Structure formats: C-alpha cells, structure tokens
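Descriptive analysis of the structure
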Amino acid sequence: MSEASVPSVSVAQARELFFAQGRDPAPWIAPHISRSWQRSRPVDPQCIDPTPMAPSLLNERREQAMRLLSCAQPELDGLAEHAVGNGCIVALSDATGLILEEIGSPDFLPKAQRVALQPGVEWSESHRGTNAIGTALAERVALMVLGGEHYLAQNGRLGCAAAPIFSGRGELAGALDISGETARVNHHALGLVRMAAQQVEHRMLLAEASGHVLRFHARPALIGTAREGLMVIEGGRIVAANRVALDLFGRSWEGLLDLDAEEFLGAQWPRMEHRRSLLTLPGGRQIATVMERTGTANSGAGRSGARQAMAANTAPIDNDDVVRPLLARAVRVLNEGVPVLVNGETGSGKEVFSRRLHAASRRSAGPFVAVDCASLPETLIEAELFGYEEGAFTGARRKGMPGRIREAHGGVLFLDEIAEIPLALQTRLLRVLEGRVVTPLGGGQGVAVDFDLVCATHAGLPALVEAGRFRADLMYRVAGFTVALPALHERADRRALIARLFLESGGAAKHLCLENDALERLAAYRWPGNVRELRSVLRALVALADPGDAVTADALPAHLHDAGPIADFSEATASQPNAPLQTITRHAIDEALRACDHDVARAARRLGVHRSTVYRHLARQRPPAGNTKD
C-alpha cells in the first residue's frame, strides 16, 4: 500500500498555508506529505545544504551496511539503465537515510550534487525535511515526493521516488531512490524502485537465513523467483519472512514472527525438505512449497543452501554432452586439491558449472560459499573475505564477523569474477591460499581453514597480468586447471539445449510446441548474453503464448530476425594494435554505444560485459560538477 500520488495543483497554496500562515495544509496535499511536513517542523526551512562526510567515515558506514550493499548492487545496476535513459540518478541509503551509493545520468549527477544528493549525506526527515528517502523510511511505504512537496525550497526542482528495504524481521535496512527533474519522475519510476526493493529483500533474507527456508506460493511456477514467499524456521519457530509471505498469509511481522511452526504450518512441514509438494495448512488451505535446510547460523552452508534451488532452476548444464566431459575432468582435479579456474563469457553458466562441480566433488557435504567480487564495493571486499574482530572499526558488529573464507571451511570457496579483486588485496589473498590461515581485520589469532578453491572470470588473466592489474603469482595459484566454457553460439548441442530450456521455461506446463523454424532461428543467433539471455527470451515467448500454441519464428523478437554483427574488443584491438589496454577498452565501449544508439543495455550485450562496466565508463567521462551548468 502507498499513499504516493501525483502532487496536487494546489501545492503552492499548501506551502503558503503551512510556511507563511502556520496553518494545516492537509486539505491541499497528499496525506503522507502533510504528515511529513508536520514531522519536519524542527528543520530550518532556510538551512544550508550539508557537505558530505569524510571518506573514511563514509567507508565505515559502508562497512556496517555490507550485506545491504552487496545484495543491492544488481538492482542498482538494473535501475541505472532506466535512470540514464531518463536523465535521473539512482541512490541507495542505509536505514538512517545516509546515501551509500549513487549511479545514473552523467547530465543529472552534477545537479544532484549541488543539492547534496550524493554519497555521504544523510537524507532523513530530521536532516532534510520531507524527501522521498527520508519520508519512505518514516512512512515505511514506497512513495513519491515531487517539486514543491519537498520541505526545503532548494529541493523544489527535484522529483523523487523511493521504496524502503526491510529485513526478514521487519526492521528497516535502507531505501532505494530514483531522483531527477520533477517532470521525469512518475509512477513508473515508483513501480521500479518498489520491485527493486523487493528483489533486494529477497536476496538479503536468503543470504542471512539459517535453519530451514520455506519457499512457497499459490502459483508453483513462481517458486524460485523474487515473487515467492520466504519463511525462515529455526528451532521450530518462525524467525523471519519476506513481505510476499506476509501478503500471502494476510499477516504482519508482529503477527507471524516467533510463532510455533507446527501450529502455523501443520505437522507435515518438515517433510517438505528438498522437494516440491503441496502443503496443507491447519485451516485446509494448500500452498506449493519447497523446503531447504540451510545449516547453522552464519555458516557458508546456510548461505549457499538457501540459493541452490534457484541455481538448479536456472542450470543450463544438466544433461549437456558438451559440458559433461568438462565437468568430469574438473571434478577429478578438484578432488586432488588443485584449484579450478572457470573461464567463459558473461551468461555462459560459470556459477552453475561451479555449483555442479561442488555437488559432484569430495566436498559435496560441505558448504559452497560464493563471493561475487564484481558486485562488492572495493571498500568492502577485504572485510567480506577475511572477516573482522570485535571493535575492528567504528560500527563493527559486537561479535565481529568470520568472513566468507572461514565460512568455506570444509567445503568449496567460489570467487566469481576474481579479476575484479583490487590489486592491494591480491597479496593478502595469495598468503591465505598458500598458508590456509586467515587473520581477520583488527588482528587476532590466525584461523586455519581447509577448503577447495574454484574461481571464475570472463576476463583473460594473462592479459591483466601483462597490464599490471593482476598478480602473476596469484594467477598461477588460482589457475591450477582451467575450464573454458563455450559460448552458446559455439555449442554443438545448442539446438537440443534450446529445446530443453524452452520446455523448462514453462513450455511444457503450457503444452507449447517450438516449431522448427523458430528453433533454427534461435540456434542461428549469436547470443551475446549466452544462456542467460536465451532464458530471458524463452520466458518471454512462453509468457506471450496461449496454452497449446505452436511457437513459430514469427513470434520471435525483432532483434533475432535483424541481428547484425556483434562488436567485441578484438575489433578495437585490431584497429589500434599498439594502444594501451585502457585505451582499447574505452574505444570498444564508445564504438558499441554508437552502434547501439547509446542504448547501454544493448551495448553491454554486444561487448559481453555487465551494464555497470558501461555506466562506469560514462561516469568517468562526466565533467567535474563545478564545470557543469544548468
């Protein structure tokens, strides 16, 4: 529920009533704005925009919000595409309203900074009066604040839409915000941040779960997606749930948490483990469920186990002849303690392959601890990997944090996009891999660890070593055996794979038939986004088809009919054989953007990189804020 609405044409009259005459503006503006203005009275309407906090302090606050940042990074990247296209920015705040990260339009970022809408500034109501971030946190709902609805007059040119992010126990964790000029923020932006916040909550709950995780929905097809209900059961009691679960049961967190699981779900709930089934609740209602055991609190098994159903649902390599021999060789190597490096283009299934490798290895009973080195801000990677002791920095958890390497003890540590680890941390990682002893931040005694190592990257490590961006000794340590996953267009089995994935994506449930002309066109496409892109297209085809349809080539998206040549970095290298790697990279991105009419998502697909790489490139080209004029 949200009381957000398009601002009344009488906002000017409301401001006159409230600020000049001290009268109640409620009849003239939306209720949530009126309530916020009343709460904001202690704020000086003429206050000067604050300067951001010192970088060291901001880094400490980011450390405190490490889980939020890592879980929100994919949504920041996704929303940035909308923001850039609409001249807006996307911001992530913590529970106090402090902006932690910001990304978006190179044109609007300097304007946002001039009103202190930037990392290191707190946008709570107590500091900035009525604004989307602070008011969404105060009201606990997604809402918009447009133009003159802002409490401070200097923010009257802003339009903002924000949604709060909740933990599995209903505590505020932060907020996602889209801001731009007033005319550019609307209900579509509000819907985007609301859905993105739900995705972040889903990811956070799974990352922090311990005990049993119950996934459920009235529609079985939605299990394994961000629209599923999630409930965490520990010690026989319900200890966490997401908002989807609350809606499905018509409960609040207060009315659900700490209930006895057997009383609420019935005596059969433990029998749901690791299988899809219908669970009959005490009142007779039935829901489709999957139950997973995640292990002990803060264990790597807990964090990885809660994700394995989703990985299984997206696995492209179950019975693929092309991949099976690669997997068999990798298992033999890993079982001898030799690190495995998985190379492959973006979307080719590197993490899925690595999970299957863990499941088939000697460490299958141990945890699979995955760390996405590309999604973690540079300031957080060290604490995330190595952990920290109590008091290691301001705001550190009272009992410290073990770190992901220690969580992998007895299992497999998976470092995804290892090429993104900062050079300064590579030496420390190498020492841990050599000595198998990890020392947390803040000192303390080193802890012996025993795990097998699997790493993945879409980049060529030898080229990065030559460019001085990756240590040669670390490369030799992690690349004991290299598996090169083929791109989708290179796979001889792609027709069988496409046919199988079409059925798994809902084609079988709707009794659809993929006609030969459609299959041939799908198999002939280059698929720059590989299996990930293929699955998205197949899900769209299934969603648009009626039950029993025969899906022909005419139903395929236009870009599959009119696909042109795909740009890659080799083109830039050929045209500039003596250029530095950084220059070649910039040139390749610029060429891809021009070829795609500056559509960031299309350019990223052509290059085989993540959208965030293109956004960072655009941000580096932005002129300094002081040199930009309205």
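The preceding data block contains the structure.
All residue numbers refer to position in the chain's written sequence, counted from 1. Local features are withheld for residues below a pLDDT of 70 in this predicted model, meaning they are given only at 70 or higher, and side-chain atom pairs are given and counted only at 80 or more; totals for whole chains, interfaces and linings count all residues. Side-chain descriptors were evaluated using all non-hydrogen atoms of the structure, hydrogens and water having been removed beforehand.

Details of empty space enclosed by the protein
- Whether a set of points on the 1 Å grid over the protein atoms alone is a cavity depends on a 1.4 Å probe fitting there but being unable to get out, while an open set qualifies as a pocket with protein on both sides within 12 Å along at least five of seven lines; lining residues are those with an atom within 4 Å of a point. Grid points are joined across faces, edges and corners, and a volume is the space filled by probe spheres set on the points. Tallied over the full model, the rule gives one cavity of 30 Å³ or more.
- Around the largest cavity sit Phe-166, Ser-167, Gly-168, Glu-201, Leu-205, Ala-241, Asn-242, Arg-243 and Trp-253, which together line it.
- Classifying every residue of the lining of the largest cavity gives four nonpolar, three polar and two charged. Nonpolar residues are Ala, Val, Leu, Ile, Met, Phe, Trp, Tyr, Cys and Pro. Charged residues are Asp, Glu, Lys and Arg, and all others, Gly as well, are polar.

Re the state of the cysteines
- Disulfides are defined in this document as cysteine sulfur pairs within 2.5 Å. Applying the stated criterion to the full structure yields zero disulfides.
- For the unlinked cysteine Cys-373, the closest cysteine sulfur is that of Cys-455, found at 7.8 Å.
- Look at Cys-373 and you get buried, because its relative accessible area is 2%. Remark: exposure states derive from per-residue accessible area (1.4 Å probe, protein chains only) relative to the maximum for the residue type, with buried under 20%, exposed over 50%, and partly exposed in between.

Some words on the packing of aromatic side chains
- When the centres of two rings from Phe, Tyr and Trp lie within 6.5 Å, Trp using its six-membered ring, the rings pair. Their planes under 30 degrees apart give stacked, over 60 give edge-to-face, and anything left gives tilted. Applying the stated criterion to the full structure yields ten aromatic pairs.
- Between Phe-368 and Phe-414, the aromatic rings sit 5.6 Å apart at their centres with planes inclined by 25°, giving stacked as the arrangement. You can see Phe-368 sitting in strand β12 (residues 368–372) and its partner Phe-414 sitting in strand β13 (residues 412–416), a full 46 residues away along the chain. Phe-414 matches Phe-368 in its accessibility class, with the two residues each being buried.
- Residues Tyr-525 and Trp-527 carry aromatic rings whose centres are separated by 4.7 Å and whose planes lie at 85° to one another, so their mutual orientation is edge-to-face.
- Chaining the aromatic ring pairs together yields one cluster made of Phe-18, Phe-19, Trp-37 and Tyr-151.
- In this structure, Arg-128 is placed above the aromatic ring of Trp-123, and the distance from its NZ or CZ to the ring centre is 4.6 Å.
- Above the plane of the ring of Phe-451 lies Arg-436, whose end atom (NZ or CZ) is 4.3 Å from the centre. Helix and strand definitions follow DSSP, with helices as H or I runs of at least four residues and strands as E runs of at least two, each counted in order from the N terminus. By definition here, charges over rings are those cases where NZ of Lys or CZ of Arg is within 6 Å of the ring centre and within 35 degrees of the ring normal.

Focus on the environment of Ala-189
- Relative to the assigned elements, Ala-189 resides in helix α8 (residues 187–208).
- C-alpha separation for the pair Ala-189 and Leu-79, spaced 110 residues apart in sequence, amounts to 9.2 Å.
- Ignoring sequence-local partners within four residues, the contact set of Ala-189 consists of His-82, Ala-161 and Ile-178. Residue contacts are counted whenever heavy atoms from the two residues lie within 4.5 Å of one another.

Re the pairing of strand β3 (residues 143–146)
- Residues Leu-143 and Val-145 line one face of β3 and the alternating positions Met-144 and Leu-146 line the opposite face, and both faces are buried.
- When DSSP finds two or more bridges between two strands, those strands count as paired. In terms of strand pairing, β3 meets strand β4 (residues 158–166) through four bridges, oriented antiparallel. Of the residues in β4, the one forming a bridge with Leu-146 is Gly-159.

Quick look at the environment of Gly-87
- Positionally, Gly-87 belongs in the loop between α4 (66–85) and β1 (89–94).
- Those residues within four positions of Gly-87 in sequence are excluded, and the remaining contacts are Ser-105, Phe-108, Gly-180 and Arg-184.

Focus on the pairing of β13
- Within β13, five of the five residues are buried, leaving the element largely enclosed by the surrounding structure.
- Side-chain alternation along β13 places Val-412, Phe-414 and Asp-416 on one buried face and Leu-413 and Leu-415 on a second face that is also buried.
- One ladder, built from five bridges, connects β12 with β13; its direction is parallel. When the sheet's bridge partners are listed, Val-369 is paired in β13 with Leu-413.
- Of the strand pairs in this sheet, β13 and strand β16 (residues 452–457) are connected by five bridges, and their pairing is parallel. Counted as the bridge partner of Phe-414 is Val-454 from β16.

Quick look at the nonpolar core
- What makes a nonpolar core is a set of buried Ala, Val, Leu, Ile, Met, Phe, Trp, Tyr and Cys residues whose side-chain atoms join them at distances within 4.5 Å. In terms of nonpolar packing, the biggest core is built from 50 residues, with Ile-165 and Leu-176 touching the most fellow members.
- Setting aside its immediate chain neighbours within four residues, Ile-165 contacts Leu-68, Leu-92, Glu-171, Leu-172, Ala-173, Gly-174, Ala-175, Leu-176, Ala-197, Val-200, Glu-201 and Met-204.
- Counting 33 residues, the second-largest nonpolar core is a separate cluster that includes Ile-33, Val-115, Ala-116 and Tyr-151.

A closer look at the packing of α4 against α8
- Simply put, an axis is a line fit to the C-alpha atoms, just over the touching stretch for a helix, and the angle between two N-to-C directions goes from 0 to 180 degrees. For the pair α4 and α8, the least separation of the axes is 9 Å and the interaxial angle reads 155°. Of the possible angle classes, the one that applies to α4 and α8 is roughly antiparallel. Of the two elements, α4 crosses α8, and the hand of that crossing is right-handed. Only His-188, Ala-189, Leu-192, Val-193, Ala-196, Gln-199, Val-200, Arg-203, Met-204, Ala-207 and Glu-208 of α8 make contact with α4, whose side of the interface consists of Arg-67, Leu-68, Cys-71, Ala-72, Pro-74, Glu-75, Leu-79 and His-82.
- Residues of the contact of α4 with α8, tallied by class, amount to twelve nonpolar, three polar and four charged. Throughout this description, any angle smaller than 35 degrees is read as roughly parallel, any larger than 145 degrees as roughly antiparallel, any in the 65 to 115 degree range as roughly perpendicular, and the remainder as oblique. In a left-handed crossing the near helix is turned counterclockwise from the far helix by less than a right angle, and in a right-handed crossing that turn is clockwise.

A short note on the environment of Ala-173
- Mapped onto the fold, Ala-173 is located in strand β5 (residues 172–181).
- Judged by its relative accessible area of 17%, Ala-173 is buried.
- Linking Ala-173 and Ala-95, residues 78 residues apart in sequence, is a C-alpha distance of 4.8 Å.
- With sequence-adjacent residues up to four places away left out, Ala-173 is seen in contact with Leu-68, Ser-93, Asp-94, Ala-95, Ile-165, Phe-166, Ser-167 and Met-204.

Considering the packing of helix α21 (residues 494–507) against helix α22 (residues 516–524)
- Interaxial distance between α21 and α22 falls to 9 Å at its minimum, and their mutual angle equals 120°. Viewed along their axes, α21 and α22 adopt a mutual orientation that is oblique. Crossing handedness for the pair α21 and α22: right-handed. Between α21, through Arg-494, Arg-495, Ile-498 and Ala-499, and α22, the contact on the second element is made entirely by Leu-519, Glu-520, Leu-522 and Ala-523.
- Taken together, the residues of the contact of α21 with α22 break down into five nonpolar, no polar and three charged.

With respect to helix α7 (residues 132–139)
- Across the eight residues that make up α7, a large majority, seven, are buried.
- Taken together, the buried positions of α7 are Ala-132, Ile-133, Gly-134, Thr-135, Ala-136, Leu-137 and Glu-139.
- Here a polar contact is taken to be a pair of N or O atoms separated by no more than 3.5 Å, where protein atoms must pair a possible hydrogen donor with a possible acceptor and residues adjacent in sequence count only if both atoms sit in side chains. Backbone nitrogen of Ile-133 and a side-chain oxygen of the N-cap are separated by 3.1 Å at the start of α7; the cap is Asn-131.
- Phi turns positive one or two residues past the end of α7, at Arg-140, with a value near 65°.

These figures come from the coordinates and say nothing about function on their own.
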